[in-house]
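# Coordinates in review
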Amino acid sequence: IDMAFIKWMPRRYKRIPVMDADGKILNIISQSSVMRLLSNNLQEKKLQSELSKVSAQDIGVKPVVSVHKDALAAEVFKVMSDKNLSGIAVVDSLGTFLCSTQASDLKLYLINENLNLLRTPIRQFLAQVRQQELVDLLPNVSVKPTDSIAHVIAKLAVVRMHRVFIADPKSGLRPSAVISISDLLRHIFGMEKLAKTTPILRPSGSPALRPRAGSETFVKPMKPLS
């Protein structure tokens, strides 16, 4: 797996093939499968000890791009496209983290494509494509700044998501940073130095997305599409 990551991380691949000497693909290693492997072995004392030494706030990436829960789905996905992000935080008027978007939400939408659905608020859109009630979008997939990365790994493996947001209850659950599977694996496999040579596409935010004073992240409801 170490050799796989030497090839994997600089190019930001999400999965790589395992091939035999003749070039025949035998299997696929994905970041998610490695995360599940780690999660299944968290009871191993040495691994648990090492992963418990590092907290979420130590590897969380800032700033967080977020959108208001009443922002239209079409505008939210445009932000994701413009910023080259596969997921962003959804917050309420106080900046409290509610849930997050995923690239897979668009895949679910395309199964039963409906343009009118893109004109609905993002939380309503997510509930419909995921076939959930709004209340089922909570509790949000977040961790506290002091949670260990062992806890982060276990949570990501359970919810089958590619990122988790750091939201401290002491600050009103405002999302302050985000941790992706890539961030975790770079740290675990000692790839931090290599990762620094290849910039990560984490936006500082356009003027419309920058935080208001005294808040880590806040985005006003977006205007309806014309």
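As a starting point, this report considers the structure included with it. (Residues numbered from 1 in each chain as written. Predicted model: local features only at pLDDT ≥ 70, side-chain atom pairs only at ≥ 80, totals over all residues. Heavy atoms only, no water.)

## What about the sheet that holds strand β6 (residues 142–143)?
Our working rule: One bridge is not enough; two strands pair if DSSP finds at least two bridges between them. Going along the chain from the N terminus, every DSSP run of H or I of four or more residues is numbered as a helix, and every run of E of two or more is numbered as a strand.
Spatial strand order, β6-β7-β8: 3 strands in an open sheet with mixed pairing. Each end of this open sheet is capped by a strand with a single partner; those strands are β6 and β8 (174–180). Here 2 bridges tie β6 to strand β7 (residues 163–168), and the two strands are oriented parallel to one another. Bridge pairing links Ser 142 to Phe 165 in β7.

## Points about the pattern of salt bridges
Defined as follows: Should a side-chain nitrogen of Lys or Arg be within 4 Å of a carboxyl oxygen of Asp or Glu, the pair is scored as a salt bridge. Accessible area is worked out with a 1.4 Å probe on protein chains only. A residue is then buried under 20% of its type maximum, exposed over 50%, and partly exposed in between.
Taken as a whole, this structure holds 6 salt bridges when the rule is applied. Salt-bridge contacts for Asp 82 lead to Lys 78; the nearest nitrogen and oxygen are separated by 2.8 Å. Separated by 4 residues within a single helix, Asp 82 and Lys 78 lie in helix α5 (residues 73–82), roughly one turn from each other. For Lys 78, a relative accessible area of 47% gives the class partly exposed. When the shortest N-O distance is used, the salt bridge between Asp 183 and Arg 186 registers 2.5 Å.

## Looking at the packing of aromatic side chains
What counts here: In this scheme Phe, Tyr and Trp rings, the latter by its six-membered ring, pair at centre separations within 6.5 Å, and the angle between planes marks the pair as stacked below 30 degrees, edge-to-face above 60, and tilted otherwise.
In total, this model carries 3 aromatic pairs according to the counting rule given. Considering the side-chain rings of Phe 77 and Phe 125, the 5.2 Å spacing of their centres and the 65° angle between planes classify their relative orientation as edge-to-face. Of this pair, Phe 77 sits in helix α5 while Phe 125 sits in helix α7 (residues 122–129); the two residues are 48 residues apart in sequence, bridging distant segments of the chain. Grouping residues by exposure puts Phe 77 and Phe 125 together as buried. Ring geometry for Tyr 109 against Phe 125: centres 5.7 Å apart, planes inclined by 40°, an arrangement best described as tilted. In this pair, Tyr 109 is assigned in helix α6 (residues 103–111) and Phe 125 in helix α7, connecting sequence segments 16 residues apart. Pair check on accessibility: Tyr 109 and Phe 125 agree, each one buried.

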